[in-house]
Every structure is written in structure tokens, then in C-alpha cells.
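# Summary of the model geometry
Chain by chain, the residues run as shown.
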Amino acid sequence: MKVNNMPLFFKRSVFGLLYALIISASLLLSEIAFAFVVLMLGTMALIEFHKLIDYFSVLPAGGLAILLYFDYIGQMRQFYIEIILALVVAVHIVIFYFLLRGKSFKIFPIYKLLISVFYVAAPCYLLFLSTGLSQDLGSLLTLFYLVLIWINDSAAYLIGSTFGKRKLSVNISPNKTWEGTIGGFLLTVITAFIGYHFQSQFDLYFLIFMSVVISILATLGDLIASKFKRLADVKDSGNLIPGHGGVYDRLDSILFSITYVYLIFLI
């Protein structure tokens, strides 16, 4: 770690740990506690994201609240969840189209609404739903997924800041390096290997496969968020979390990856 980066590193570590502890505690405490935290984080991420795309609407946050409520009272059918999954994937395709076609893009308010709902709000709902993917592990499976995300992000930052020389994507995210990306990938796989020995539901090859998928998708999610911020000409989506930026900055990897992780575990 370079000397001039040490204060930032400690700030990121302290507030990153606090952020992780809040989510983990709510996840292990109760379903309603985790739903509340997901709603709060999702709403703050939506507010920050709306600033980036020059848009404002309470509908995405309201929709997230409604989805969480109906799921909590047991009124969400699997058919509706499958529709949500399909729409999230469709919006991801649209996002890739707009972000890869050039340096800027213009979209109508209705498209901004759809992107807000199915790129930010719906994945937050899927994160909440993921606690029911395993009868044996329950919330621990979601926690394991989050740990892999946090390990990938933290290791990529730490290794990239210390040893990074080769830029991953100068035009999208100048600070990301191949060294950091590969380091995050390797530590994520190692974490999955360690986690395998603490459960009996999934075999080693499946968990290694999932760790690879999570690492790749988390990096893509980070790059997508970086592109949105670059188009808005800002470094961070906010300043709520010292050393990290905004809530959207912390959730970007989850917002993109949770949909496909949920699909794989569901299948």
C-alpha cells in the first residue's frame, strides 16, 4: 500500500466493515430486519442513481417496498418472480447497448423509470429473496454470497492500489487494474474453497463455479456503475460512506450479479 493511500485505506476499512456488519447483523437477526435494511439501502441507491441519470421518481422505491411487503405476507407467486427476473435481464441488455455504443446517450423518462426499477430496485428485492434459496443454509447462503462480493471488491482495491500497473479499462474506470481484478478473482475462489468445508449442501465444484461467476459479474457491475458515473462526470455517486462514496457505489456489484446468481441457484 502506497504511503499516501494509507489514510484512505484505513477509512475504507473502518466504514466498509461497519457497512458489512450492519447488513450481516440484519440478515442474521430476522427477516423483517433484513427487509428494512434492504429497503433503506435500495432507496438511498435509487436517490443517488437518479442524480446520475438526471431523473426523479418515487415509483421505484415504492415498488421495492410493495414487493418486500407482499413477499413478507406470502402473496408473491413464483410466476411473478420469474417475470421480474426476465425483465431484469432484458434491462441489462438495454443498459449494455446504451453504455457500449458511445460516450453519451439520451433516453426518455419512461426508459429511465424502467432502468431504475429493474436495474436497482428489483435486484434489491432479489437479494432479499435469496435468503429462501436454501432450506439447509437459509440466510447463511445470502451471507456467503455477500462475503464473496465483499472479498472480491476489497481484494481488487487493495491489490490494485498496491501492485496495479496495467489498466483494465481506461475509458470507463481508470483506477481499475488487471492486477487488482485477478487478485480479487483468486481470493474469491479461495474463499469459496474455505466456505465449502463449513456446509454440506453444495459440492466443491459448484461453489468454485459460483465464485468465478460472482467475481466476473461483480467486476462487470462495477464497470457499469463506473460508466454511469463517468457519463455524469462524477467520481462517486455520493459521500454517505466515507472512503467509499455513496450507497450505489457499494451496491453496484450486487445490483448486477445477484440476478444471475439467483437464477443459477434456483435452477
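Rules and cut-offs
Residues numbered from 1 in each chain as written. Predicted model: local features only at pLDDT ≥ 70, side-chain atom pairs only at ≥ 80, totals over all residues. Heavy atoms only, no water. Helix = DSSP H or I, 4+ residues; strand = E, 2+ residues; numbered from the N terminus. Expected span 1.5 Å × (residues − 1). Buried < 20%, exposed > 50% of the residue type's maximum accessible area, 1.4 Å probe, protein only. Arc of directions from axis to C-beta. Core = buried A, V, L, I, M, F, W, Y, C linked by side-chain atoms within 4.5 Å. 1 Å grid on protein atoms, 1.4 Å probe; cavity = no way out; pocket = protein on both sides within 12 Å on 5 of 7 lines; lining within 4 Å. Points joined across faces, edges and corners; volume = space filled by probe spheres on them. Axes fitted to C-alpha atoms, helices over the stretch in contact; angles between N-to-C directions. Parallel < 35°, antiparallel > 145°, perpendicular 65-115°, else oblique. Contact = heavy atoms within 4.5 Å. Nonpolar A, V, L, I, M, F, W, Y, C, P; charged D, E, K, R; others polar.

## Quick word on helix H3 (residues 59-72)
Between its first and last C-alpha, H3 extends 20 Å over 14 residues, near the 20 Å set by a 1.5 Å rise per residue. Within H3, burial applies to Pro60, Ala61, Leu64, Leu68 and Asp71. What you see down the axis of H3 is that its buried residues fit within an arc of 105°, all on one side.

## Some words on the nonpolar core
Counting residues in each nonpolar core, the largest one holds 70 residues, and the members touching the most others are Phe49, Tyr119, Tyr145, Phe228 and Tyr248. Those elements giving two or more residues to this core turn out to be helix H1 (6-29), helix H2 (31-52), H3, helix H4 (78-100), helix H5 (109-129), helix H6 (139-163), helix H8 (204-231) and helix H9 (247-266). Looking at which element gives the most residues to this core, the answer is H5, with 13 residues.

## Some words on empty space enclosed by the protein
Applying the stated rule across the entire model yields three cavities of 30 Å³ or more. Here the largest cavity is characterised by a volume of approximately 80 Å³. If you trace the largest cavity, you find it lined by Ile23, Phe34, Val37, Val38, Leu41, Gly42, Cys124, Leu127, Leu251, Ile254 and Leu255. Elements represented by at least two residues in the lining of the largest cavity include exactly H2, H5 and H9. Looking at the lining of the largest cavity element by element, the count peaks at five residues for H2.

## Remarks on the packing of H2 against H9
Closest axis-to-axis distance for the H2/H9 pair is 9 Å, and the angle between their directions is 105°. In this view, H2 runs roughly perpendicular relative to H9, as classed from their interaxial angle. Residue-level contacts link Leu41, Met44, Ala45, Glu48, Phe49 and Leu52 of H2 to Val247, Tyr248, Asp249 and Leu251 of H9. Partitioned by chemical class, the residues of the contact of H2 with H9 number eight nonpolar, no polar and two charged.

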